[in-house]
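The lines below spell out each chain.
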Amino acid sequence: MPTPRKIIHVDMDAFYASVEQRDNPALAGRPVVVAWRGSRSVVCAASYEARRFGVRSAMPALRAERLCPDAIFVPPDFPRYKAVSRQIREIFARHTDLIEPLSLDEAYLDVSCPKQNLGSATAIAQQIRKAIRQEIGLTASAGIAPNKFLAKIASDWNKPDGQFVLKPHQVADFLATLPLTRLPGVGRVTAARLKSLGLITCADVRSLQVEALEQALGRWGRRLHELAHGIDTQPVEPGRIASQISSEDTFAQDLPLAALDDEITRLAEKTWNAWLREDQKHPGRIPRTVVLKLKTADFRVLTRSITHNPMPGNAAELAEVAKALRQRVDLPSDTLYRLAGVGLAGFTEKDRLLQQLDLFA
């Protein structure tokens, strides 16, 4: 086992909805859904009062209305949420420089060598949550553990407005009965596959040799073996560089594949501008893969990609490559789509790419 670190995962409680309730006292204690109304909208966030009715993020707004007829819909205000997120990160920075944001409302902190002598990672998490409550008027939950994956699981254990500590000697017992569905990477399809193999909990995985898991699950079998034993060596990475840059949008009405030219062109321009901003912050990296994402009217998600050499030189070229990827979609021509996205991925260091090209020149 690697030397234990002290990792905190801080997760804001119903962040977007809580900001709205804080800024509008009339919403306090009410079921708030952050979303635009309409048949094309999806839920960005739901207050805990709305969650009691089964409303969840990424749910179609129409379904949220059916589940909670008294819900108050508030359109999202992302510039305001980003401003609050910056305030929260300033509080994190009082305790450590090793901060890895995952989104506007959650982050990992490595406090193995903290800036302030508060005695323990538990005390640091308590101090952070207290400062967020007093200075920003919001609540946060925290998980404290020897590594990132355990800290993230722990932060969800006493939500909302709580924290949970996993000390190294507690990890084995804690994980023994933990359902595999709580592990990162275990979605519905993977869970069904594991269940068919008789694997329901981490203890079930521990009962098998890693070679047997690799034979049944491929390379991911080793990763599953590590997680079931509480092993995660991934460091907290400040200023983590994006592995993909993308833009996506839901259409006002469902469209056939052939009618997506204008939408793809618009999304390609947004993605290209985002790539230019990223290149200013982290120069020297070239995206070589173009990704087209589609979601059908019945919510089936498809992605098609191509590694392009040379990479597109502007937004128009990116749009043309993304449009061409539609030829790889083998669904019936009358299939309707509710969402499209255009992305850039497969980042390579520019110097390394030039060296590779020189070899074949």
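For the structure, check the block above.
These lines cover the structure that appears in this document, whether it is placed above or below.

Definitions and limits used
- Residues numbered from 1 in each chain as written.
- Predicted model: local features only at pLDDT ≥ 70, side-chain atom pairs only at ≥ 80, totals over all residues.
- Heavy atoms only, no water.
- Phe/Tyr/Trp six-rings, centres within 6.5 Å; stacked < 30°, edge-to-face > 60°.
- Helix = DSSP H or I, 4+ residues; strand = E, 2+ residues; numbered from the N terminus.
- Buried < 20%, exposed > 50% of the residue type's maximum accessible area, 1.4 Å probe, protein only.
- Salt bridge = Lys/Arg side-chain N within 4 Å of Asp/Glu carboxyl O.
- Pairing = 2+ DSSP bridges.
- Contact = heavy atoms within 4.5 Å.
- Axes fitted to C-alpha atoms, helices over the stretch in contact; angles between N-to-C directions.
- Polar contact = N/O pair within 3.5 Å; in protein donor to acceptor, adjacent residues only side chain to side chain.
- Core = buried A, V, L, I, M, F, W, Y, C linked by side-chain atoms within 4.5 Å.

Comments concerning the packing of aromatic side chains
Aromatic ring pairs: the centre-centre distance and the angle between the two ring planes describe each pair. Inspection of every chain in the model, using the stated rule, returns 9 aromatic pairs. Relative to Y81, the ring of F78 lies with its centre 5.8 Å away and its plane at 90°, an arrangement referred to as edge-to-face. Note that F78 and Y81 are positioned in helix α4 (residues 78–92) at a spacing of 3 residues, about one turn of the helix. On the basis of relative accessibility, which here comes to 30%, the residue F78 falls in the partly exposed class. Judged by centre distance (6.1 Å) and plane angle (45°), the rings of W275 and F347 are tilted. Of this pair, W275 sits in helix α12 (residues 261–281) while F347 sits in strand β12 (residues 336–349), placing them 72 residues apart in sequence. For W275, a relative accessible area of 6% translates into the label buried.

Some thoughts on the pattern of salt bridges
Tallied over the full model, the rule gives 22 salt bridges. In this structure, R80 engages D23 in a salt bridge whose closest nitrogen and oxygen atoms are separated by 2.6 Å. In this pair, R80 is assigned in helix α4 and D23 in helix α1 (residues 15–23), connecting sequence segments 57 residues apart. The exposure class assigned to R80 is partly exposed, which follows from its relative accessible area of 24%. Taking the relative accessible area as the measure of exposure, D23 reaches 37% and is therefore partly exposed. Members of the salt-bridge network, linked through shared partners, are E20, R22, D23, D77 and R80.

Considering the pairing of strand β10 (residues 285–296)
Of all 12 residues in β10, 11 are buried, a share of seventy percent or more. Joining the antiparallel neighbours β10 and strand β11 (residues 301–307) is a turn of 4 residues, in which F299 adopts a positive phi near 75°.

Topic: the sheet that holds strand β3 (residues 45–46)
Pairing between the strands of a sheet comes from backbone hydrogen bonds, and it takes one of two forms, parallel or antiparallel. One open sheet holds the 3 strands; their spatial order is β3-β2-β4, and the pairing between them is mixed. Edge positions in the sheet fall to β3 and β4 (72–74), since each has one partner strand and no second. Where strand β2 (residues 32–34) lies against β4, 3 bridges are found, and the strand directions are parallel. Bridge pairing in β4 links V33 to F73. Along the sheet, α1 makes contact with β2, β3 and β4, crossing β2 at roughly 120°.

A closer look at unusual backbone geometry
What you tend to see is this: most non-glycine residues have negative phi, and most peptide bonds are trans. Cis peptide bonds are those with omega within 30 degrees of zero, and the linkage from K159 to P160 qualifies with -10°. Positive phi is not limited to glycine here, since A58 has a value of about 75°. Locating A58 in the fold gives a position in the loop between α2 (48–51) and α3 (61–67).

A closer look at the side chain of H9
Within the secondary structure, H9 is located in strand β1 (residues 7–12). With a relative accessible area of 0%, H9 lands in the buried category. A distance of 2.8 Å separates polar atoms of two side chains, one belonging to H9 and the other to S155. H9 has contacts with L102, E106, A107, Y108, S141, A142, G143, A151, K152 and S155, leaving out every residue within four places of it along the chain.

Considerations on the sheet that holds strand β5 (residues 99–103)
Read across the sheet, 5 strands follow the order β5-β6-β1-β7-β8 without closing on themselves; strand pairing throughout is mixed. The two strands at the open ends of the sheet, each matched to only one other strand, are β5 and β8 (163–165). Taking each pair of neighbouring strands and ignoring which way they run, the sheet shows an average axis angle of 15°. When β1 meets strand β6 (residues 106–110), the two strands line up antiparallel, connected through 5 bridges. Within the sheet, the bridge partner assigned to I7 lies in β6 and is D110. Those strands touched by α4 are β1, β5 and β6, and its axis lies near 155° from that of β5.

Some remarks on the nonpolar core
Ranked by size, the top nonpolar core spans 33 residues in total, and within it I8, F15, I88, F92, L109, I132 and L138 carry the most contacts. Counting residues per element, the ones that place at least two in this core are β1, α1, β2, α4, β6, α5 (121–136) and β7 (140–145). Once you skip the residues sitting within four places of it in the chain, I88 turns out to touch M12, F15, I132 and I136. In this structure, L267, M311, A340 and F347 belong to the second largest nonpolar core, which totals 30 residues.

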